[in-house]
Amino acid sequence: MASLNFTQLGHKSSNSFAEFALTRHAPPSFTRPTRVGFKVFASDSQAEPDLSVCVNGLQMPNPFVIGSGPPGTNYTVMKRAFDEGWGAVIAKTVSLDAAKVINVTPRYARLRAGANGSAKGQIIGWENIELISDRPLETMLKEFKQLKEEYPDRILIASIMEEYDKAAWEELIDRVEQTGIDAIEINFSCPHGMPERKMGAAVGQDCALLEEVCGWINAKATVPVWAKMTPNITDITQPARVALSSGCKGVSAINTIMSVMGINLDTLRPEPCVEGYSTPGGYSCKAVHPIALAKVMSIAKMMKLEFNDKEYSLSGIGGVEKGDDAAEFILLGADTVQVCTGVMMHGYGLVKQLCAELKDFMKKHNFSSINDFRGASLQYFTTHTDLVRRQKEAIQKRKAVKKGLQSDKDWTGDGFVKETESMVSN
């Protein structure tokens, strides 16, 4: 969607989350897996896996976060997310002057898997040309404050975006922090909208500009700041490195991919079609999941190599509809997993399915916590040159294993039948 964000929320009448209120600012744990390669079968008395995570000192009951976009567009829907049990909520991106934001309808288009895009086919792609929040900032701030009053032990994250103006960024940060939000996600990645005003991906694609703006933001902010990365760039590790080096405590990846959903072959008009016209938009849903995994893997390897001694976080985003989708992101180093389009397709109750399926995965491998397997699969990625070397060595080892007898003198009486079998070809 136009932007993605996290939120720390907690209902004052919800006892199930009371324990998180006591530890929400506890130091995060980044214990790396120690059981990779071992399969342990759980006993019937195995304790239920613990889905809780601590990210930049913020405690969440599970790693599932509402991504910035329509699912976090107002008080009503964000409250619903907390009530359903989402680990955190990121509100839809806000800016100082919502009057400049004018959305159109229709603003979405879907791609289906089926012959000629059959309406009966499974939805695998979703394009949006939606902008950031068009609601007055004062209204959104009031709702942030109300949510934090009602859910003090839950995580609420504000997503913000401004023009290339230091004073504007400082004012926006000051105003959102006054509501009690727990963290800020910076939208450096919206692929459409207002690039001419140096907003969104226009900043995320320019490392020099990104470094300057991150400097302004982190000099002002008093809560953790996450930088949301755009995939519309050759090497996503470059802006991620700049953001972390400039004071951000975390990285979110990926935002949507610039796309044209398709052309209606009857009308010859592009989709989504607004008064006969369209514009390129952001692509999300199941079809982007493999791309998102590759980007998250690259960022995670860079963070482990260059920021290993510091406490940074990584949030994976892209095509999450199943618990296994989330497990993949976590295996590649993600601390949390954001869901936006999935909520738009399946509703807020999806979080219960995600938690149940992730627990099933953890039980299968006898993982008791998220930390047990976070980043466990990173070690299996290497270069193509190294793959060639590894395969050559493996072939040589297999050839070195002698099959059959090398000479008549090697026959034995005791093993005669097996020795014969060893030299049969069919």
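Residues numbered from 1 in each chain as written. Predicted model: local features only at pLDDT ≥ 70, side-chain atom pairs only at ≥ 80, totals over all residues. Heavy atoms only, no water.

In the annotation of an unreviewed UniProt entry, the entry for the protein chain reads dihydropyrimidine dehydrogenase (NADP(+)), and the organism field reads Theobroma cacao. Of the comments in the UniProt record for the protein chain, the one headed Pathway (unreviewed entry) reads "Amino-acid biosynthesis; beta-alanine biosynthesis." (UniProt positions renumbered as here; feature names shortened; annotations may be inferred.)

**Q** Before we move on, could you go through the nonpolar core and cite the residues and values that matter?
**A** Counting residues in hydrophobic clusters, the biggest one holds 102 residues, and the most contacted among them are Trp86, Ile160 and Leu358. If one sorts the elements of this core by residue count, helix α8 (residues 289–306) sits on top with 8 residues. Ignoring sequence-local partners within four residues, the contact set of Trp86 consists of Asn62, Phe64, Val65, Ile66, Ala81, Arg154, Val339, Val343, Tyr348, Leu350, Val351 and Leu354. (Core = buried A, V, L, I, M, F, W, Y, C linked by side-chain atoms within 4.5 Å. Buried < 20%, exposed > 50% of the residue type's maximum accessible area, 1.4 Å probe, protein only. Helix = DSSP H or I, 4+ residues; strand = E, 2+ residues; numbered from the N terminus. Contact = heavy atoms within 4.5 Å.)

**Q** For empty space enclosed by the protein, give the residues involved together with the corresponding values.
**A** Summed over the entire model, instances satisfying the criterion amount to 2 cavities of 30 Å³ or more. Roughly 190 Å³ of internal volume is contained in the largest cavity. The wall of the largest cavity is formed by 21 residues, among which Ser284, Ile317, Gly318, Gly319 and Thr341 lie closest to the centre. Within the residue set of the lining of the largest cavity, elements represented by two or more residues are β15 (281–284), β17 (336–339) and α10 (341–346). The element that contributes the greatest number of residues to the lining of the largest cavity is α10, accounting for 3 residues. Looking at the lining of the largest cavity, its residues break down into 12 nonpolar, 8 polar and 1 charged. (1 Å grid on protein atoms, 1.4 Å probe; cavity = no way out; pocket = protein on both sides within 12 Å on 5 of 7 lines; lining within 4 Å. Points joined across faces, edges and corners; volume = space filled by probe spheres on them. Nonpolar A, V, L, I, M, F, W, Y, C, P; charged D, E, K, R; others polar.)

**Q** Tell me what's going on with the sheet that holds strand β7 (residues 122–128), and back it up with residues and numbers.
**A** The strand order β6-β7-β15-β12 describes an open sheet built from 4 strands, whose pairing is antiparallel. In this open sheet, the two strands that pair with only one neighbour each are β6 (108–113) and β12 (257–259). For this sheet, the mean angle separating the axes of adjacent strands, direction not counted, is 40°. With 6 bridges joining them, β6 and β7 adopt antiparallel strand pairing. Its bridge partner lying in β7, Arg112 is registered against Ile123. (Pairing = 2+ DSSP bridges. Axes fitted to C-alpha atoms, helices over the stretch in contact; angles between N-to-C directions.)

**Q** Give a description of the confidence of the model for the protein chain that names residues and reports values.
**A** This prediction gives the protein chain a mean pLDDT of 87; 85% of its residues lie at or above 70. In this model residues 1–44 is a low-confidence stretch, pLDDT under 50, and it forms 169 contacts with partners more than four residues away in sequence or in other chains. (pLDDT = per-residue confidence, 0-100.)

**Q** Got a sec to walk through the pairing of strand β9 (residues 183–187)? Specific residues and values, please.
**A** With respect to burial, β9 is a largely interior element, 5 of its 5 residues being buried. Two elements, strand β8 (residues 155–160) and β9, share 4 bridges in a ladder whose sense is parallel. Its bridge partner being in β9, Ser159 is matched across the sheet by Glu185. Handedness of the crossover joining β8 and β9 through helix α4 (residues 166–177): right-handed. Where β9 lies against strand β10 (residues 225–228), 4 bridges are found, and the strand directions are parallel. Bridge pairing in β10 places Asn187 opposite Lys228. (Right-handed = clockwise from strand over helix to strand, strands pointing away.)

**Q** Outline helix α6 (residues 207–220), listing residues and values.
**A** If you check α6, its first and last C-alpha atoms are 20 Å apart, about what 14 residues at 1.5 Å a residue would give, namely 20 Å. Residues Leu209, Leu210, Val213, Cys214, Trp216, Ile217 and Asn218 constitute the buried set of α6. Capping the start of α6 is the job of one residue whose side-chain oxygen sits 3.2 Å from the backbone nitrogen of Ala208: Asp206. (Expected span 1.5 Å × (residues − 1). Polar contact = N/O pair within 3.5 Å; in protein donor to acceptor, adjacent residues only side chain to side chain.)

**Q** Describe the packing of α4 against α6, and please don't skip the residues or the numbers.
**A** Look at α4 against α6: their axes get within 9 Å of each other, and the N-to-C directions meet at 35°. For the element pair α4 and α6, the recorded crossing hand is right-handed. Across from Lys166, Trp169, Glu170, Ile173 and Asp174 in α4, the residues of α6 making contact are Val213, Trp216, Ile217 and Lys220. Class assignment of the residues belonging to the contact of α4 with α6 gives a composition of 5 nonpolar, no polar and 4 charged. (Left-handed = near helix turned anticlockwise from the far one by under 90°.)

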